[in-house]
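Here is what each chain is made of, one letter per residue.
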Amino acid sequence: MGTKDNAVLDQGFDGIEPMVFESQISVPYSWWAGDTATYFLKGLRDEKKIRALKCTSCGKTYIPPRKTCPVCFVPNTEWKDLSGTGTVQSFTIARRQLAAISKKVPVIYALIKLDGADTAMLHYIEGISPEKMKIGMKVQAEFAEDRKGTIQDIAFFKPVKEV
Amino acid sequence: MDKAAIIGVGMTSIEGNKVRDTFADMAWEAVNKALDDAGMNINDIDNVITTSNDFWDGRTISCMAVGDASGAAHKNVSCVEGDGTFGAFYGLTRALSGSYGTTLVTAHTKGSQSVSSLITNAAFDPIYERSLGMDMISACAMQANAYMNRTGITSEQLALVSVKNHGNAKKNPLSQMPLDITVNDVLKSEMISDPLHKLDCSPVSDACCAIIIANEERAAKHKGKPVWIKGVSFCSDAFFFGDRDLSRAPALEQAAKKAYAMAGIKNPMKEIDTAEVYDAFTYQELMWLEGLGLCADGESGRLLEKGEFAIDGRLPVNASGGLLSGHPVIAAGLIRIAEIVKQLRGEAGKYQTKNPKTGVAHGVNGLCGQSHCVWVLGKDK
Ligand SMILES: [Zn+2]
């Protein structure tokens, strides 16, 4: 059905450079963090504390903290301070400088289960050569000097023991 | 479930950069091929579902922009954001609702027009995660590591998926990346994010796919070979990776279990003859095969080495070449359905598997397989 139409277009297209419309989607956008994340981010910025939210129904402690328990479908009501140490559940070493990565590669990303929490959080690992990374290794949070109330107020996690 | 069938499929070729086609041009081609395939014209279509993603398309309400070229003008058209298998699920429920005899479902993407790292980075939580700079590749690499660590599946076994699927693509004229490669070629290709090499990752692709779903009454009037929808289900896991065990796919296990139950399948390992699964990365084919219950947990690598998933093996997987050979996001899952339809009709040409009666098509939505949609299709009613 489309074949005949395409034959006409083929002639028209022959030798013509395809036109491209270059554009960039750039829309200012403010993500209001909400009560829960605001309390968490203030804890990072002002007290160098990593706080998690506990569901008093199932007892699960969530990080990143969120207002409701996805399992019980009830509000999480109990804040808990975590120590900042944890275990690497998984990791990757980003080697190619893909567009989303703002740090210079290699960058180690890890899923870290903090002691006292039942879920894990994403962050960087530094202070170790990529080849020595292992699932199960113990790490601890290193806070940034200059803290602005973002997830980057934790500068990275580093191995608990010198490697 | 009342009976319904897929009575027409159409797809464009999968290419790295379709400079000559807009989204609507691709939809026009795929829809007309599906109509030709079904021996129908646009007046036989009772309603339309388009499937797209606004970020990938670079516009808001992207699904409405392809409606005209999909023949949706003056019809009831609705949209799904996500993989095509989920669009098809919605299309099926409409065909079963009693309000429509037929649904045309389309799904399109042009990965070539944007920067996939930035698009997929935007899927992360903007407050807690996004600024870290992860994207689909680094996220899936982390999942691959977790899966390999738990099961002992090796990099060589991952590489073998790439060798198999790129090799299968040589038999599929619509595929983007037919390649003659070895395990060593994969292992020597650029390490993008450990443990994933370049050839462990699917390419950036453009394509559109369309299928026509009919209820039993309309399928009965159809003159071709209807392929019957025996069971279908989808299930979603938690959004945050840290809430999940990334090394497992419980949402897929559940979706598969429900779909098999609907289809009356008791032993999928024996009763499924051919499968098209969402192999955006090599490890995913293996991990999803286990999640689908098509082999035992942790066994996929060994069975792959034995040749069981080859076109002439016990259970051919991604005979079409899969997504590793061309990955138009959004259209990807709908193409899996269309490929199984071709297989069950015996019309898959050089990559036809041996006389399949029942096949599985699988689609994924979200990072690291957050959500899975499983289709069990059958040759017989
Ligand atoms: Zn709870």
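This one's a predicted model, so the numbers in the text were calculated from it and none came from an experiment.

Engineer: Pulling in residues and values, what's your account of the overall build of chain B?
Structural biologist: Helix and strand counts for chain B come out as 13 helices and eleven strands. Rg of the C-alpha trace for chain B: 19 Å, near the compact-globule value of 21 Å for 381 residues, within the 12% margin. Principal-axis analysis of the C-alpha atoms places the extent of chain B at approximately 50 × 45 × 40 Å. Here chain B, with 381 residues, has 63% of them falling under the buried criterion. Sequence-distant contacts in chain B: of pairs separated by 6 or more residues, those separated by 24 or more amount to 77%.

Engineer: Just give me the short version of the side chain of B:Thr151, but keep the residues and values in it.
Structural biologist: Residue placement: B:Thr151 occurs in helix H5 (residues 136-151). Only 2.7 Å separates the side chain of B:Thr151 from the backbone oxygen of B:Tyr147, close enough to count as a polar contact.

Engineer: For the pattern of salt bridges, give the residues involved together with the corresponding values.
Structural biologist: Summed over all chains, the structure comprises 31 salt bridges over all chains. The salt bridge involving B:Glu190 is made with A:Arg96; its shortest N-O contact spans 2.8 Å. You can see B:Glu190 sitting in the loop between helix H7 (183-188) and strand E5 (191-193) and its partner A:Arg96 sitting in the loop between strand E4 (85-94) and strand E5 (107-114), one on each of two chains. Between B:Glu276 and B:Arg336 there is a salt bridge, with its nearest N and O atoms 2.9 Å apart. Here B:Arg336 lies in helix H13 (residues 331-345) and B:Glu276 lies in strand E9 (residues 274-276), a separation of 60 residues in the sequence. Taking the relative accessible area as the measure of exposure, B:Glu276 reaches 1% and is therefore buried. When salt bridges with common partners are traced through the structure, they connect A:Glu47, A:Lys49, A:Arg51 and A:Asp81 into a single cluster.

Engineer: Can you tell me about the packing of H5(B) against helix H11 (residues 282-291) of chain B, naming the residues and giving the values?
Structural biologist: All names here are of chain B. H11 packs onto H5 with a crossing angle of 55 degrees between their chain directions and a minimal axis gap of 10 Å. Relative to H11, the element H5 lies oblique. You can see that H5 and H11 cross each other, and the crossing is left-handed. In this structure, H5 contributes Cys140, Gln143, Ala144, Tyr147 and Thr151 to the contact, and H11 contributes Tyr283, Gln284, Leu286, Met287, Trp288 and Glu290.

Engineer: Please give an account of the sheet that holds strand E7 (residues 206-215) of chain B that cites residues and values.
Structural biologist: All names here are of chain B. Read across the sheet, nine strands follow the order E3-E2-E4-E7-E1-E8-E11-E10-E9 without closing on themselves; strand pairing throughout is mixed. In the strand order of this sheet, the two ends are held by strand E3 (76-81) and E9, each with one partner. Strand-to-strand twist across the sheet, computed as the mean angle between neighbouring axes with direction ignored, equals 25 degrees. In the packing of helix H1 (residues 23-38) onto the sheet, contacts are made with strand E1 (4-11), strand E4 (102-110) and E7, and the angle to E1 comes to roughly 130 degrees. Sheet strands touched by helix H3 (residues 84-96): E1, strand E2 (47-52), E3, E4, E7, strand E8 (227-236), strand E10 (358-365) and strand E11 (371-378). Its angle to E11, the strand with the most contacts, is close to 55 degrees.

Engineer: Explain helix H6 (residues 155-169) of chain B to me, using residue names and the numbers behind them.
Structural biologist: All names here are of chain B. Helix length check: H6 (15 residues) gives 21 Å between terminal C-alpha atoms against 21 Å at 1.5 Å per residue, within 8%. By the criterion of burial, H6 is predominantly enclosed, with eleven of the 15 residues buried. Listing the buried residues of H6 in full gives Gln157, Leu158, Ala159, Val161, Ser162, Lys164, Asn165, His166, Gly167, Asn168 and Ala169. Turning to H6, the residues buried within the fold contact H5, H7, strand E6 (196-197), H11 and helix H12 (300-305).

Engineer: So what's going on with the coordination of the zinc ion? Which residues, and what values?
Structural biologist: Coordination angles at a metal have ideal targets, namely 109.5 degrees for four tetrahedral donors and 90 or 180 degrees for six octahedral donors. All names here are of chain A. Distances from the zinc ion to its protein donors, namely Cys55 (SG), Cys58 (SG), Cys69 (SG) and Cys72 (SG), fall within the range 2.3 Å. Considering all four donor atoms around the zinc ion, angles at the metal cover 103 to 112 degrees and the coordination shape is tetrahedral. Counting gaps between the donor residues of the zinc ion yields the pattern C-x2-C-x10-C-x2-C. Of this pair, cysteine 55 sits in the loop between strand E1 (50-54) and strand E2 (61-62) while cysteine 72 sits in the loop between E2 and strand E3 (78-82); the two residues are 17 residues apart in sequence, bridging distant segments of the chain. Here cysteine 55 falls in the buried class, since its relative accessible area comes to 0%. Cysteine 72 gets classed as partly exposed once you look at its relative accessible area, which sits at 25%.

Engineer: Outline the interface of chain A and chain B, supporting the account with residue identities and numerical values.
Structural biologist: On the side of chain B, 39 residues touch chain A, which itself brings 43 residues to the contact. Taken together, the two surfaces of chain A and chain B that pack against each other cover about 3500 Å², and 62% of this comes from carbon and sulfur. Connecting chain A to chain B are three salt bridges. Across the salt bridge formed by B:Asp194 and A:Arg95, the nearest N and O atoms sit 2.7 Å from each other. At the boundary of chain A with chain B, the tally comes to 19 residue pairs in polar contact (both at pLDDT 80 or more). Residue assignment for the side of chain A that touches chain B shows that the elements contributing at least two residues are helix H1 (2-13), helix H2 (34-47), E4, E5 and strand E6 (120-125) of chain A. For the side of chain A that touches chain B, a count of residues per class yields 30 nonpolar, eight polar and five charged.

Engineer: Break down unusual backbone geometry for me, citing the residues and quoting the values.
Structural biologist: The peptide bond linking A:Val105 to A:Pro106 adopts the cis configuration, its omega dihedral lying at 0 degrees. Here A:Pro106 lies in the loop between E4 and E5. The peptide bond linking B:Asp194 to B:Pro195 adopts the cis configuration, its omega dihedral lying at 5 degrees. Tracing the sequence through the fold places B:Pro195 in the loop between E5 and E6. Within the chain, B:Asn318 stands out as a residue other than glycine whose phi angle is a positive 55 degrees. When you line up the elements, B:Asn318 lands in the loop between H12 and H13.

Engineer: Mind laying out the pairing of E11(B), listing which residues take part and the relevant values?
Structural biologist: Residues and elements named next belong to chain B. By the criterion of burial, E11 is predominantly enclosed, with eight of the eight residues buried. Neither face of E11 is open: one carries Ser371, Cys373, Trp375 and Leu377, the other His372, Val374, Val376 and Gly378, and all of them are buried. Here E8 runs beside E11; their pairing, made up of eight bridges, is antiparallel. Along E11, the bridge assignment pairs isoleucine 229 with leucine 377. As paired elements, E10 and E11 share eight bridges and run antiparallel to each other. What sits directly across from valine 364, in E11, is histidine 372. Taking the residues that link successive antiparallel strands as the turn, the E10-E11 hairpin has five residues, and the phi of glycine 366 there is positive, at about 95 degrees.

Engineer: Just give me the short version of the pairing of strand E7 (residues 138-143) of chain A, but keep the residues and values in it.
Structural biologist: Residue and element names in this part refer to chain A. Only one face of E7 is covered, namely the face carrying Val139, Ala141 and Phe143; the face carrying Lys138, Gln140 and Glu142 is uncovered. The sheet contact formed by E7 and strand E8 (residues 154-159) spans five bridges and is antiparallel. In the strand pairing of E8, valine 139 is matched with proline 159.

Here is what the cut-offs are and how they apply
- Residues numbered from 1 in each chain as written.
- Chains lettered and ligands numbered in written order.
- Predicted model: local features only at pLDDT ≥ 70, side-chain atom pairs only at ≥ 80, totals over all residues.
- Heavy atoms only, no water.
- Helix = DSSP H or I, 4+ residues; strand = E, 2+ residues; numbered from the N terminus.
- Rg over C-alpha atoms; globule rule 2.2 N^0.38 Å.
- Buried < 20%, exposed > 50% of the residue type's maximum accessible area, 1.4 Å probe, protein only.
- Contact = heavy atoms within 4.5 Å.
- Polar contact = N/O pair within 3.5 Å; in protein donor to acceptor, adjacent residues only side chain to side chain.
- Salt bridge = Lys/Arg side-chain N within 4 Å of Asp/Glu carboxyl O.
- Axes fitted to C-alpha atoms, helices over the stretch in contact; angles between N-to-C directions.
- Parallel < 35°, antiparallel > 145°, perpendicular 65-115°, else oblique.
- Left-handed = near helix turned anticlockwise from the far one by under 90°.
- Pairing = 2+ DSSP bridges.
- Expected span 1.5 Å × (residues − 1).
- Donors = N, O, S within 2.8 Å, 3.2 Å for Na, K, Ca; no water.
- Tetrahedral: all angles 85-135°; square planar, octahedral: opposite > 155°, others 65-115°.
- Buried area = accessible area lost by both parts, 1.4 Å probe.
- Nonpolar A, V, L, I, M, F, W, Y, C, P; charged D, E, K, R; others polar.

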